[in-house]
Amino acid sequence: QDVVAMSCLETAHRNGHWVILNNVHLMPNWLVELEKKLDEYSSDGSHSKFRVFLTSDPSKSIPVGILNRCIKLTNEPPTGLKANLKRAWCFFSKESIDDADSKTKSILFGLC
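Residues numbered from 1 in each chain as written. Predicted model: local features only at pLDDT ≥ 70, side-chain atom pairs only at ≥ 80, totals over all residues. Heavy atoms only, no water.

Structural notes on the packing of helix α1 (residues 2-15) against helix α2 (residues 28-44)
Geometry of a packed helix pair, given as the angle between the helix axes and the separation of the axes.
So, point 1. Close contact between α1 and α2 brings their axes to 12 Å; oriented N to C, the two are set at 15°. By the angle class used here, α1 and α2 are roughly parallel. The two elements α1 and α2 cross, and the hand of that crossing is right-handed. Listed contacts from α2 to Asp2, Ala5, Met6, Leu9, Glu10 and His13 of α1 are Trp30, Glu33, Leu34, Lys37 and Tyr41.
So, point 2. Split into classes, the residues belonging to the contact of α1 with α2 amount to six nonpolar, one polar and four charged. (Axes fitted to C-alpha atoms, helices over the stretch in contact; angles between N-to-C directions. Helix = DSSP H or I, 4+ residues; strand = E, 2+ residues; numbered from the N terminus. Parallel < 35°, antiparallel > 145°, perpendicular 65-115°, else oblique. Left-handed = near helix turned anticlockwise from the far one by under 90°. Contact = heavy atoms within 4.5 Å. Nonpolar A, V, L, I, M, F, W, Y, C, P; charged D, E, K, R; others polar.)

Structural notes on the side chain of histidine 25
So, point 1. Following the sequence through the fold, histidine 25 ends up in the loop between β1 (18-21) and α2.
So, point 2. Here aspartate 57 takes part through its backbone nitrogen, which lies 3.1 Å from a polar atom of the side chain of histidine 25. (Polar contact = N/O pair within 3.5 Å; in protein donor to acceptor, adjacent residues only side chain to side chain.)

A short note on the confidence of the model for the chain
So, point 1. Mean pLDDT for the chain: 86, with 96% of residues reaching 70 or above.
So, point 2. Across the chain, the secondary-structure element scoring lowest on mean pLDDT is helix α4 (residues 81-90), at 77, and the one scoring highest is β1, at 93. (pLDDT = per-residue confidence, 0-100.)

Describing the layout of surface pockets
So, point 1. Its volume calculated, the largest pocket comes out at about 1,900 Å³.
So, point 2. Together, 39 residues line the largest pocket, and Phe53, Leu54, Thr55, Ile71 and Leu73 are the ones closest to its centre.
So, point 3. Secondary structure elements with two or more residues in the lining of the largest pocket: α2, β2 (51-54), α3 (64-69), α4 and α6 (102-111).
So, point 4. Ranked by residues supplied to the lining of the largest pocket, first place goes to α4 with five residues.
So, point 5. Taken as a whole, the second largest pocket encloses approximately 190 Å³ of empty space.
So, point 6. Surrounding the second largest pocket, Gln1, Asp2, Ala5, Ile20, Leu21, Asn22, Asn23, Val24, Leu26, Met27 and Trp30 form its lining.
So, point 7. Every element with two or more residues in the lining of the second largest pocket is listed here: α1 and β1.
So, point 8. In the lining of the second largest pocket, the residues fall into seven nonpolar, three polar and one charged. (1 Å grid on protein atoms, 1.4 Å probe; cavity = no way out; pocket = protein on both sides within 12 Å on 5 of 7 lines; lining within 4 Å. Points joined across faces, edges and corners; volume = space filled by probe spheres on them.)

Some thoughts on the pairing of β2
So, point 1. The sheet contact formed by β1 and β2 spans four bridges and is parallel. Opposite tryptophan 18, over in β2, you have arginine 51 as the bridge partner.
So, point 2. Of the crossover connections in this fold, the one passing from β1 over α2 to the parallel β2 is right-handed. (Pairing = 2+ DSSP bridges. Right-handed = clockwise from strand over helix to strand, strands pointing away.)

Structural notes on a nonpolar patch on the surface
So, point 1. On the surface, Leu81, Leu85, Trp89, Phe91, Phe92 and Phe109 cluster together into a nonpolar patch covering about 660 Å² of accessible area.
So, point 2. Per element, the largest residue contribution to the nonpolar patch is three residues, and it comes from α4.
So, point 3. In this structure leucine 85 comes out as partly exposed when scored by relative accessible area, which is 35%. (Patch = residues over 30% accessible without salt bridge, like charges linked within 9 Å, V, L, I, M, F, W, Y side chains within 5 Å. Areas by Shrake-Rupley, 256 points an atom, 1.4 Å probe, with all protein chains shown as cover. Salt bridge = Lys/Arg side-chain N within 4 Å of Asp/Glu carboxyl O. Buried < 20%, exposed > 50% of the residue type's maximum accessible area, 1.4 Å probe, protein only.)

Okay, here's the thing in structure tokens:
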């Protein structure tokens, strides 16, 4: 998985894509390599649209350098699927959903 992730990061870095790496807390040794690679991208100058998203459970094994450069979000879902969906949809006003293009609406529906 680390080889595939690095390949995706390299392509995204050059072409301005977004990459999401899920459950990074499961690979604490690889996170050090990821931190070095992100430092390298920063010094080389990445594509302006390049983004990396990481998901993780709370963990002390995530390098401080990664944590310092990230915007951190936490999400504690309510119990039950119905309550979770209702909470997710409540983040968006009816106007913002109505004004969104069909692709954005599809993404919102998929995420919520």
